[in-house]
Amino acid sequence: MESMVQIMRKMKDSGIEWIGEIPEGWEVGQIGQLYSERRTKVSDKDYPPLSVTMKGILPQLSTAAKTDAHDDRKLVCKGDFAINSRSDRRGSCGISEQDGSISLINIVLQPRGEMNPGYYNWLFHTSMFADEFYKWGHGIVDDLWTTGWSDMKKIGVPVPSKCEQKQLAEHLNFECSNIDTILSKTRSSIEEYKKLKQAVITQAVTKGVRGERKMKDSGVECIGKIPTTYSICKLKYLLKNPLKYGANESGIPYSDSLPRYIRITDITPDGNLKYTGKLSLSEESAKDYILEDGDILFARSGATVGKTFIYYQSYGRSAYAGYLIKASLNNKVSPKFVYYYTCSSLYEIWKNSIFIQSTIQNIGADRYANLPVPVPKTLQEQEEIADYLDAKCAEIDKLIAKKEQLVKELECYKKSLIYEVVTGKREV
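Every chain begins its residue count from 1, and numbering advances along the sequence as written. Local features are withheld for residues below a pLDDT of 70 in this predicted model, meaning they are given only at 70 or higher, and side-chain atom pairs are given and counted only at 80 or more; totals for whole chains, interfaces and linings count all residues. Note: side-chain values were computed over all heavy atoms of the structure, leaving out hydrogens and water.

*Asks:* Is there a simple way to think about the pairing of strand β8 (residues 73-76) in this case?
*Replies:* Here, any two strands with at least 2 DSSP bridges between them count as paired. Every helix listed is a DSSP run of H or I at least four residues long, and every strand listed is a run of E at least two residues long, numbered separately from the N terminus. Relative to β8, strand β5 (residues 41-42) runs antiparallel, the two being bridged by two bridges. Pairing of Lys41 across the sheet is with Lys74, part of β8. Note: β8 against strand β11 (residues 100-102), three bridges, orientation antiparallel. Its bridge partner being in β11, Leu75 is matched across the sheet by Ser101.

*Asks:* What should I look at first to understand the sheet that holds strand β10 (residues 93-95) in this one?
*Replies:* Note on sheets: strands pair through backbone hydrogen bonds, and any given pair is parallel or antiparallel. Spatially, β4-β12-β9-β10 is the arrangement adopted by the four strands of the open sheet, whose pairing is antiparallel. Each edge of the open sheet is held by one strand with a lone partner, namely β4 (35-37) and β10. Pairwise comparison of adjacent strand axes, ignoring direction, gives a mean angle of 25° for this sheet. Sheet topology note: the strand β9 (residues 81-84)/strand β12 (residues 106-111) ladder contains four bridges and is antiparallel. Paired with Asn84 across the bridge in β12 is Asn106. Any two residues having at least one pair of non-hydrogen atoms within 4.5 Å are treated as being in contact. Only the stretch in contact is used when a helix axis is fitted, and all axes are lines through C-alpha atoms; the angle between N-to-C directions ranges over 0 to 180 degrees. Packing of helix α2 (residues 117-124) onto the sheet brings it into contact with β4, β9, β10 and β12, and relative to β10 it is tilted by some 170°.

*Asks:* In this structure, what is going on with helix α10 (residues 379-422)? I would like to understand it.
*Replies:* Think of an α-helix as turning once every 3.6 residues; residues three or four places apart then point the same way. Multiplying 1.5 Å by the residue count of a helix minus one yields the expected span of that helix. Compared with an ideal rise of 1.5 Å per residue, which puts 44 residues at 64 Å, α10 spans 63 Å between its outermost C-alpha atoms and is within 8% of the ideal. At the C-terminal side of α10, Gly424 shows a positive phi close to 80°.

*Asks:* Explain the sheet that holds β11 to me, please; I cannot follow it from the model alone.
*Replies:* With antiparallel pairing, the three strands of this open sheet are ordered in space as β5-β8-β11. Every interior strand has two partners, whereas the edge strands, β5 and β11, have only one.

*Asks:* Honestly, the nonpolar core in this entry has me stumped. Any pointers?
*Replies:* Nonpolar side chains in soluble globular proteins tend to end up buried together. Take the buried residues of types Ala, Val, Leu, Ile, Met, Phe, Trp, Tyr and Cys, join any two whose side-chain atoms come within 4.5 Å, and each joined set is a nonpolar core. Only protein chains enter the area calculation, which uses a 1.4 Å probe; residues under 20% of their type maximum are buried, those over 50% are exposed, and those in between are partly exposed. Core analysis: the biggest nonpolar cluster contains 82 residues, and Ile31, Tyr35 and Met152 have the highest contact counts within it. Residues within four places of Ile31 in sequence aside, it is in contact with Leu109, Phe124, Phe129, Trp149, Met152, Lys153, Ile155 and Val157. In this structure, Ile262, Leu273, Leu291 and Leu297 belong to the second largest nonpolar core, which totals 18 residues.

*Asks:* Help me understand the environment of Ala365, please; the structure alone is not making it clear to me.
*Replies:* The residue Ala365 is located in helix α9 (residues 365-369) in this model. With relative accessibility at 13%, the residue Ala365 sits in the buried group. If sequence neighbours within four positions are ignored, Ala365 has contacts with Leu243, Tyr245 and Ile325.

*Asks:* Would you mind showing me how to read the pattern of salt bridges here?
*Replies:* Close approach of charged atoms lets side chains of opposite charge pair. The term salt bridge refers to a side-chain nitrogen of Lys or Arg lying within 4 Å of a carboxyl oxygen of Asp or Glu. Going through the model one piece at a time under the given rule, you end up with 26 salt bridges. A salt bridge links Glu192 to Lys195, with the nearest nitrogen and oxygen atoms 3.8 Å apart. With a gap of three residues between them, Glu192 and Lys195 both fall in helix α5 (residues 162-207), about one helical turn apart. Owing to a relative accessible area of 54%, Lys195 belongs among the exposed residues under this scheme. For the salt bridge of Glu384 with Arg210, the shortest nitrogen-to-oxygen distance reads 3.1 Å. Pair noted here: Glu384 is in helix α10 and Arg210 is in the loop between α5 and β16 (215-217), with a separation of 174 residues, a long-range link. Taking relative accessible area as the criterion, Glu384 reaches 29% and is therefore assigned partly exposed. Residues participating in the shared-partner salt-bridge network are Arg210, Arg213, Glu381 and Glu384.

*Asks:* Help me out: how do you make sense of the pairing of strand β6 (residues 50-53) in this one?
*Replies:* Within a regular beta strand, the side chains point alternately toward one face of the sheet and then the other, so they alternate between its two faces. Burial along β6 is two-sided: Leu50 and Val52 and Ser51 and Thr53, pointing in opposite directions, are all buried. Across four bridges, β6 lies against strand β7 (residues 56-59) in antiparallel orientation. Each residue of the ladder has a partner; that of Ser51, found in β7, is Leu58. The hairpin formed by β6 and β7 contains two residues between the paired strands.

*Asks:* Help me out: how do you make sense of the side chain of Ser14 in this one?
*Replies:* Residue position: Ser14 is located in the loop between β1 (11-13) and β2 (21-23). Within the structure, the side chain of Ser14 is placed 3.1 Å from the backbone nitrogen of Ile16, a separation counted as a polar contact. As used in this structure description, the phrase polar contact means that two N or O atoms lie within 3.5 Å; if the pair is within protein, one of them must be able to donate a hydrogen and the other to accept it, and residues adjacent in sequence are counted only when both atoms belong to side chains. Here the side chain of Ser14 touches Gly20 through a polar contact of 2.6 Å, landing on its backbone oxygen. Other than its neighbours up to four places away in sequence, Ser14 contacts Ile19, Gly20, Glu21, Ile22 and Val28.

What follows is the structure, given as structure tokens:
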């Protein structure tokens, strides 16, 4: 990382709000003085289809919306800068490394005159520029509009000397490459910890925590061998009431005096509960869907399908929505033990087998009812395993939290570094 000791230099007001102060020797110009628009229409049969993403311009993504209008594309040449004009694609831009064709929703810019494209590529990737770019847009609703070239070309930008532009671009290439390397390693470490956590859970719920013991075949291929004191039970035989779908109601503004309304979108991929964007449900609408301590919710569709959440009274009175299924367990099984089983790799295998059978990502109550669960004979052993996993998972979660905090700090530092360098506030 660069030295934190900075040599003070004279600054001046750029006259442009999003830029603020710039070094005295810098000039100010407009994007239209640096780039011209390329509007050539081409076919993706002649030029390979590319996608403008937050990671730059890449070969067209398999998830990209496709049409039969193969000729209705824009030409982008190697070295051109392209940016998505839609506000819901904020940050999607970059320099193309090859000739190709892109969607008409993108603006293609051809560098002109004495300038360094790499410097402006960094400038255009700042969140401040993104805010300024979309401020010049037009549309029907505030969160979905487009910015055209006629407006974009008027946006003011700093203009250092070409030599300094090159120096700043190379500096950011080096510094951000180092930051990205650290970020990549940290994210990989987080994933390894998550795999470790799942492995610890899988081992505990299927083999117990009492050391070596006699084993037997479970009769379920994905589960394999289990202790002789275990039995395989379908979820429906562990319930005190049949599985129940949630309320088919719209939430109302959150109030502490009303039940919280837990929706499928409130459950995070790792089975926790979000505390932002909360809604409530009226007492009348919620009365048949109030959760009890230890109830487990299963997501039946959407991005979080198959994910589970265990409810505790400490969350406060809550009801649940229709895309969730409630499992209220009987007194012969520990809810926390069953929940931990749904966090195991064996549950993941079962869940994926359901997707293969149905071809769509949807798991209904009938499927969940037949979920095979390996259950220790005594409630005491189930709770013993759950207590063991509480402690082990807390240790791993603490390590993950530290790594995630490091990622946040590095991402914040990187954004600050880029903005300060491209606007001259940090001298290189």
